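# Observations on chain architecture
Residues per chain, in single letters:
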Amino acid sequence: MLQTREVRDGMSDLIVKAAVKDALSDQNVSADFYDALNEEVAELLDDAAERAEANDRKTVQPRDL
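We now turn to the structure provided with this report. (Residues numbered from 1 in each chain as written. Predicted model: local features only at pLDDT ≥ 70, side-chain atom pairs only at ≥ 80, totals over all residues. Heavy atoms only, no water.)

## Points about the packing of aromatic side chains
If you walk through the whole model with that rule in mind, you get 1 aromatic pair. Seen from their ring centres, phenylalanine 33 and tyrosine 34 are 6.3 Å apart, and the 75 degrees between their planes marks the pair as edge-to-face. Residue class for tyrosine 34 comes out buried when judged on its relative accessible area of 11%. (Phe/Tyr/Trp six-rings, centres within 6.5 Å; stacked < 30°, edge-to-face > 60°. Buried < 20%, exposed > 50% of the residue type's maximum accessible area, 1.4 Å probe, protein only.)

## Describing a negative patch on the surface
Judged by side-chain charge, Asp47, Glu50, Glu53 and Asp56 come together as a negatively charged surface patch. Along the chain, the position of glutamate 53 falls in helix H3 (residues 31-54). (Patch = residues over 30% accessible without salt bridge, like charges linked within 9 Å, V, L, I, M, F, W, Y side chains within 5 Å. Areas by Shrake-Rupley, 256 points an atom, 1.4 Å probe, with all protein chains shown as cover. Salt bridge = Lys/Arg side-chain N within 4 Å of Asp/Glu carboxyl O. Lys, Arg positive; Asp, Glu negative; His and termini not counted. Charge placed at Lys NZ, Arg CZ, Asp CG, Glu CD. Helix = DSSP H or I, 4+ residues; strand = E, 2+ residues; numbered from the N terminus.)

Below, the structure is given as structure tokens:
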């Protein structure tokens, strides 16, 4: 399972800031937005991993989102 504590403690980034900035090219992006987005992604991945595990699978699939 993903170690989201490490992500939340700032030890690991799940997002690519340049890609986010490109996707939002018509908008300004605050510096703290990236941290908030990273945390949301970490939670999404945790939830997906838990659902896969609850269904006795080691493979996380799109339906787990």
